[in-house]
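One-letter residues, chain by chain:
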Number of protein chains: 2
Amino acid sequence: MSADTTTVTHPSRRSFLAKAGLGAGVVAAAGSVAAPAIAQSAPQVTWRMQSSFPNSLDTIFGTMETFARFVSEATDGNFTIQTFKPGDIVGGLQVLDAVSNGTIEAGHTPTYFYFGREPALGFGTGVPFGLNARQQHSWWHFGGGAEIINEVLAPMNAISLACGNSGAQMGGFFRREINSLADLKGLKFRIGGLGGQVMARLGVVPQQIAPGDIYPALERGTIDAVEFVGPYDDLKLGFHEVAKYYYAPGFWEGGAMLHAVFNLEAWNGLPKHYQAILRHAAEAANNWMLAKYDSVNPDALKELVSKGAELRYFPQDVMEAALSAANAYYEETAAQNEAFKRAWDSYRAFRDDALLWWPVNELAFDNFMARTRGRG
Amino acid sequence: MSADTTTVTHPSRRSFLAKAGLGAGVVAAAGSVAAPAIAQSAPQVTWRMQSSFPNSLDTIFGTMETFARFVSEATDGNFTIQTFKPGDIVGGLQVLDAVSNGTIEAGHTPTYFYFGREPALGFGTGVPFGLNARQQHSWWHFGGGAEIINEVLAPMNAISLACGNSGAQMGGFFRREINSLADLKGLKFRIGGLGGQVMARLGVVPQQIAPGDIYPALERGTIDAVEFVGPYDDLKLGFHEVAKYYYAPGFWEGGAMLHAVFNLEAWNGLPKHYQAILRHAAEAANNWMLAKYDSVNPDALKELVSKGAELRYFPQDVMEAALSAANAYYEETAAQNEAFKRAWDSYRAFRDDALLWWPVNELAFDNFMARTRGRG
C-alpha cells in the first residue's frame, strides 16, 4: 500500500502544539503510572477536525463523524477527534488553510477544492472524465496517486488520506431540456471547480452560489441549472420542485474522493501506531460513505421520479465536446505546470489501462445485469 | 455501519484459550507495571490465521498478510497474527471448521466455500448474477448482509468481517469456442460452488480439481475449460498455453467477497478496541485487495493477449439460460431452507434496487468512458 511510504520529516509535535496554542494536545496517560513505554503506547490525544460540508448532508458529514468514532473506538477512547461543521472554526473552503497553519489538526475535505491554488490537487478527488470510484481508489494506492498528491500538500504543511467517495455524481437539475450542444450557450449553471471550467468552454456560464441560496435562485430563474451530488442529497434540497429535468451522468465527478487532511507536524508527532489507526479508520470510513450512498440512492431516485423529476441523459454531442474540452484543458495546464503534468501523466496512463480492462469484464457483467435487471 | 451491532454474548476468552490449549494467548503487558487499566489497554495477543488460498496467489494470500500487518501496526506490535497457508495447519477448505473448533483463532476464506453445509453462506461472497463488488459491500454493511451471514455463522461458533474482493472474475479459459448453449452439453468445466451447480443445469459437467492438477488436465483434454480468478492470477497459471479462448464475464462471481473469520469465543474475549482495530484493518485490507487487482489486471490482460489468448464473450443465450437457471435454483432452495430464504429475500431486494439506480448514472458514465476510452 503506497501510503505506507510517506516520508516522515518533521517530528516536531510539541513545537507545533505550542505554536498553535490550542486547547488540544498530547498529554501523558492519566493516573500515577509513569512508565514511559506504557505512556507511549496509548497517549491521550485530542484533535479538532472540521468538514467542508454542512451537517445537513448527513452522509458526507457523517463520514467525518464515522472516521472520528472509529479512531476513538480503536484507541479505547484515548484519541479523541472533535468534529466541527463549516463556520464553527473556519469557512468550508478554508479547511486546508486551517490545517496548514495549525488552527485545526485535521479536516475532511476533497483536495480538488484547492485546485485553484495548485491545479494538481484536482486529481486527488478526480477530474472531468476521470476515474470511477474503484479506479480512483486503485490509482490512489497503487498508481502513485497518494504520493503525488501528498508531495503537492507537503509544502502546505499537510498530508492526506483517502476518506470517502460519492460514486459517480448526477448531472443535476435543469429547468429546460438540453437537446444539443447549442442549448448550453449562455446557460447559467451552478457548477464549481474543474467541471465549471470545462463547461465554460462549451458556452456555459458557471455560477458559484452557496448551498442555501441555490433553491431560490433556481426558482426565480436567476440560474438555469444546478448540480450537487446524487439523488439522496439532491432530494433533500428540493431542486426537483423548481427544475424538472434530472440529468445523468455527472461526467465531471465520476468517482469523487474525499480526504482526511492533517497538519503535517501534528501527523508526524503521532506515535506510528496512531498513524496506522488513522490510516485504517480512513479506509473504513471511506467504505462507509460509498456503501451508504449506494444503499440510499435508489430509494431517493424512486421518490424524485414519483414527485415529477424526469430523467434525461446529456446528448452525445455535449459529452463528446466536454471530453475534448477537458483533455485540452489538461494538456494546456500540463504544459504550464510541472506538478500538474506529473499528476496528469500518471492519471492518464492509469485511465488508459483501466479503460482497456474494465469493458472486457466488469462492464460486460454490469451491462448484462442492467439489461436484464436480473429478471427480478 | 451495521457490523457495529454484532451481539457479543460469550466473553469467555480465558476459558476458550484454556480449552483450546494453544501456544497462542493473552498475557499481561510485559514489564513491572501491573496497573490493570494499562494492561487492559494494550494486552499482548498472538493469534494464528490460515488462508484457504496458496501463497502463490500473492494478491489473495497477500490480503491476509496485509490484514495481519495492519493489526500489528495499529497495536504497536501487541496484537500479532501469525499467517499460514493451506496445509500448514488444516486444508484450504477446512478453514471455517478449524476456526469453529478453536484449532485456529482466525481464517481468511470466502464464506461461499461452505455453502454445501449452509447454502445461505453463498450470499456472503456473492452468487451467480449477483451484486458487483461495490454493491456487495453496500449490501454487507447497509443491506443486512453482515447480520444475516453472522447469524448463520454464530451456531458454528464463528463471526466474519468483509476482508477482500476480487471484482468481477473472468469466465475462464476454454479449449474450444462456445457459440451457443448447445456447445455446453457435456463440457467438462473446472468450476466450483454455486457456479458449477448453475452450469450443470445447462449441461456442463462441473469438475473439482486441485489447482496444481488443472494445467495438465487441461493440456491432456481431461477437462475442456477452467475458470480461476482474473488475468493477473490466470496468467501465472499458464492456462493460455493450453487453451486459447478467454471468456468474459465470469457471471458466477460478479464481485466475490472474502472474509476474515474468527472463532466467536476468541473474538468475544478481545477488548472492544481490539475488535474495532480488527474491523478497520479488515476494511483497509479489503480495499488493498481490490485496488491491487484493479492495478495489475490490465497489464496481465495485455500480456495474455500478446501470448495468443483470444478474448470472447459468452453468447447471449448462454447468459440468459444461466440467469434463468440461477434464479430457479435460488427459488427452489429458498422454498426448502429458511436461512437461505431470508438471505435471498434481502439480497434480491437489494439487487433489484441496485439495478434500478446503477444504469441511470454509474453505468452511463462507465459506458461513455469505455466507448471513448477517454480519447486517450
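Since the structure is predicted, the reported quantities are computational estimates derived from the model, not experimental observations.

Conventions and cut-offs
Residues numbered from 1 in each chain as written. Chains lettered and ligands numbered in written order. Predicted model: local features only at pLDDT ≥ 70, side-chain atom pairs only at ≥ 80, totals over all residues. Heavy atoms only, no water. Buried < 20%, exposed > 50% of the residue type's maximum accessible area, 1.4 Å probe, protein only. Helix = DSSP H or I, 4+ residues; strand = E, 2+ residues; numbered from the N terminus. Contact = heavy atoms within 4.5 Å. Least-squares fit on C-alpha atoms with pLDDT ≥ 70 in both. Domains from an automatic or database assignment. Buried area = accessible area lost by both parts, 1.4 Å probe. Salt bridge = Lys/Arg side-chain N within 4 Å of Asp/Glu carboxyl O. Polar contact = N/O pair within 3.5 Å; in protein donor to acceptor, adjacent residues only side chain to side chain. Nonpolar A, V, L, I, M, F, W, Y, C, P; charged D, E, K, R; others polar. UniProt positions renumbered as here; feature names shortened; annotations may be inferred.

Student: Go over helix H8 (residues 193–200) of chain B with me, naming the residues and quoting the values.
Tutor: Taken together, the buried positions of H8 of chain B are Leu194, Gly195, Gly196, Val198 and Met199 of chain B. In the core, the buried residues of H8 of chain B are packed alongside helix H5 (122–125), strand S7 (188–190), strand S8 (205–207) and helix H13 (316–336) of chain B.

Student: Describe in detail unusual backbone geometry, supporting the description with residues and values.
Tutor: The amide bond that connects Ala248 of chain A to the next residue, Pro249 of chain A, takes the cis arrangement and shows omega of -15 degrees. Counting through the fold element by element, Pro249 of chain A comes out in the loop between strand S10 (245–248) and strand S11 (257–263). Even without being a glycine, Asp76 of chain B presents a positive backbone phi close to 55 degrees. Relative to the elements of secondary structure, Asp76 of chain B occurs in the loop between helix H3 (58–74) and strand S3 (79–84). Take Asp76 of chain B: its relative accessible area is 43%, and that puts it in the partly exposed class.

Student: Provide a residue-level description of the environment of Ile214 of chain B, including the pertinent values.
Tutor: Residues and elements named next belong to chain B. For Ile214, the location among the structural elements is in helix H9 (residues 211–220). Given the relative accessible area of 0%, Ile214 is considered buried. Each C-alpha atom, one on Ile214 and one on Ala225, is 9.4 Å from the other, the two residues being 11 residues apart in sequence.

Student: Hey, could you go over the relation of the copies chain B and chain A for me, with residue numbers and the actual values?
Tutor: If you rotate chain B by 180 degrees and push it 0.0 Å along the axis, it lands on chain A with an RMSD of 0.0 Å. What the superposition gives is, in effect, a two-fold axis relating one chain to the other. Residues of chain B ranked by C-alpha distance from the rotation axis are headed by His280 of chain B, positioned 2.7 Å from it. A shared binding surface is used by both copies, with 100% of the interface residues of chain B retained as interface residues in chain A.

Student: If you had to explain the domain arrangement of chain A to someone new, which residues and values would you point to?
Tutor: All names here are of chain A. Split into domains, chain A comes out as domain 1 (43–168 + 258–295) and domain 2 (172–254 + 302–360). With 34 residues of domain 1 at the contact, the number on the domain 2 side is 33 residues. Carbon and sulfur atoms make up 66% of the area that domain 1 and domain 2 hide from each other, which totals about 3,100 Å². Looking only at domain 1, the three residues that lose the most surface to domain 2 are Phe123, Pro128 and Phe129, adding up to 26% of its buried area. A salt bridge links Glu151 to Arg342; the shortest N-O distance between them is 2.8 Å. Joining domain 1 to domain 2, the criterion identifies 14 residue pairs in polar contact (both at pLDDT 80 or more). Only helix H3 (58–74), helix H5 (122–125), helix H6 (133–142), helix H7 (145–153) and helix H12 (272–306) provide two or more residues apiece to the side of domain 1 that touches domain 2. With 6 residues, H6 is the largest single contributor of residues to the side of domain 1 that touches domain 2. In the side of domain 1 that touches domain 2, the residues fall into 17 nonpolar, 12 polar and 5 charged.

Student: So what's going on with the interface of chain B and chain A? Which residues, and what values?
Tutor: Taken together, the contact pairs 84 residues of chain B with 84 residues of chain A. Here chain B meets chain A over a buried area of about 7,700 Å², counting both sides, of which 65% is carbon and sulfur. By the criterion of area lost to chain A, the three top residues of chain B are His280, Trp357 and Phe365 of chain B, representing 9% of everything that side buries. The interface formed by chain B and chain A holds 8 salt bridges in total. The partner of Glu320 of chain A in a salt bridge is Arg375 of chain B, with the nearest N and O atoms 3.1 Å apart.

Student: Help me get a handle on the UniProt feature "binding site: substrate" (unreviewed entry) in chain A, residues and values and all.
Tutor: Residue and element names in this part refer to chain A. In this structure's numbering, the residues bearing the UniProt feature "binding site: substrate" (unreviewed entry) are Gln169, Arg190, Glu227 and Glu253. Look at the named residues: they lie 85 residues apart in sequence, but the longest C-alpha span between them is just 14.5 Å, so in the fold they bunch up. Along the chain, Gln169 turns up in the loop between strand S5 (158–165) and strand S6 (172–174). At 2.9 Å, the side chain of Gln169 and the side chain of Ser166 are in polar contact. Classification of Glu227 as buried rests on a relative accessible area of 6%. If we skip the residues at most four places from it in the chain, Glu227 touches Gln169, Met170, Gly171, Gly172, Phe189, Arg190, Ile191, Gly192, Trp252 and Glu253.

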